[in-house]
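Chain and residue survey
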Amino acid sequence: MTEPIKLKIKQLTTQDIDSIIEIEEKAYGKHHWSRDSFLNELSNRLAIYYGAFDETNNLVGYVGCWQIIEEAHITNLAVNPEKRRMHIGETLLNILIKHCYSNGVKYLTLEVRVSNIAAINLYEKYGFKSLSTRKHYYQDNDEDALIMWTENIFYDKFKSVFEKNEMNLVKMVEIL
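All of these numbers come straight from a predicted model, not from anything done at the bench.

Concerning the sheet that holds strand β8 (residues 173-175)
Here we have eight strands laid out as an open sheet, ordered β6-β7-β5-β4-β3-β2-β1-β8, and mixed in their pairing. If you trace the sheet from one side to the other, it starts and ends with β6 (129-134) and β8, each paired once. Adjacent strand axes in the sheet meet at a mean angle of 30 degrees, parallel and antiparallel pairs treated alike. Two strands pair when backbone bridges link them, and strand β1 (residues 5-11) and strand β2 (residues 47-53) are joined in this way by four bridges, in the antiparallel orientation. Looking at β2, one finds that K10 is bridged to G51. Where helix α4 (residues 117-125) meets the sheet, it contacts β4 (71-79), β5 (107-113) and β7 (145-149), and its direction lies at approximately 165 degrees from that of β5.

As structure tokens, this is what we get:
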């Protein structure tokens, strides 16, 4: 068995903006969110962003959401393409769901490109279901987006899936 990847997780601030933009550019090319978009997100009282940092303190991925009463809308989850397939995205999703549990969020939603099979598989692994499609949602190529939702995350069925995934995740990722 390989040794688990080691990550530090922390809430992101505007001081992390250059590292966020670096990942955005690598992950999305010229169709990424702007610096101003992230500055607004990081100062929005409804938003929370977490970053995963490697042992050399480099940002390798991040996730964010808006909490509106008992719902959270996942706005962005991105991992440096050079660090994908190492459970970083899953770790960030797990951390965000824990945050939602602590803050009374019952439902999570997001949009994802219909072509992003890896992300769709991750979300489905965590109990998200595709409920509809937003036609021509992505401006760069007119691609559709799946709209995915969880059931109430406090329901036993969701909690059971979450806890099982978390037990497997701790074998692969060590949080410093």
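After that view, the rundown keeps rolling.
Topic: the packing of aromatic side chains
Two measures describe an aromatic ring pair: the distance that separates the ring centres and the angle between the ring planes. Counting across every chain of the model gives seven aromatic pairs. Seen in terms of ring centroids, W33 and F38 are 5.1 Å apart; in terms of plane orientation they differ by 40 degrees. Their pairing is tilted. On the accessibility criterion, W33 (29% relative accessible area) is partly exposed. The buried category is assigned to F38, whose relative accessible area is 0%. A connected cluster of aromatic rings, assembled from ring pairs, spans W33, F38, Y49 and Y62.

What about the pattern of salt bridges?
The final tally for this structure, using the stated rule, is 10 salt bridges. A salt bridge links K98 to E166; the nearest nitrogen and oxygen atoms lie 2.7 Å apart. In this pair, K98 sits in helix α3 (residues 88-102) while E166 sits in helix α5 (residues 156-169), placing the two residues 68 residues apart along the sequence. The class of K98 is partly exposed, set by a relative accessible area of 35%. Through salt bridges with shared partners, a single network forms among E22, K26 and E82.

Overview of helix α2 (residues 35-43)
Those residues of α2 lying buried are F38, E41 and L42. In a view along the axis of α2, the buried residues occupy a sector of 90 degrees, so they form one face of it. Seen from the buried face of α2, the exposed residues on the opposite side, beyond 90 degrees, are D36, N40 and S43.

Quick look at helix α1 (residues 17-28)
Since the α-helix advances by 3.6 residues per turn, residues separated by three or four positions end up pointing in the same direction. Here α1 spans 16 Å end to end across 12 residues, near enough to the 16 Å set by a 1.5 Å rise per residue. All of the buried residues in α1 are I17, I20, I21, I23 and E24. Around the axis of α1, the buried residues are gathered within 160 degrees of arc, so they sit on the same side. If you follow the buried residues of α1, they end up packed against α2, β3 (59-68) and β4.

Thoughts on the pairing of β5
Consecutive residues of a regular strand have side chains that alternate between opposite faces of the sheet. Counting buried residues along β5, six of its seven residues qualify, which places the element largely inside the surrounding structure. Pairing between β4 and β5: three bridges, direction parallel. From the neighbouring strand, H73 faces β5, where its bridge partner is T109. In this fold, the crossover linking β4 to β5 by way of α3 has right-handed handedness. Sheet topology places β5 next to β7; five bridges connect them, and they run antiparallel. The residue bridging R113 from the neighbouring strand is A145, located in β7.

Rules of the game
- Residues numbered from 1 in each chain as written.
- Predicted model: local features only at pLDDT ≥ 70, side-chain atom pairs only at ≥ 80, totals over all residues.
- Heavy atoms only, no water.
- Pairing = 2+ DSSP bridges.
- Helix = DSSP H or I, 4+ residues; strand = E, 2+ residues; numbered from the N terminus.
- Axes fitted to C-alpha atoms, helices over the stretch in contact; angles between N-to-C directions.
- Contact = heavy atoms within 4.5 Å.
- Phe/Tyr/Trp six-rings, centres within 6.5 Å; stacked < 30°, edge-to-face > 60°.
- Buried < 20%, exposed > 50% of the residue type's maximum accessible area, 1.4 Å probe, protein only.
- Salt bridge = Lys/Arg side-chain N within 4 Å of Asp/Glu carboxyl O.
- Arc of directions from axis to C-beta.
- Expected span 1.5 Å × (residues − 1).
- Right-handed = clockwise from strand over helix to strand, strands pointing away.

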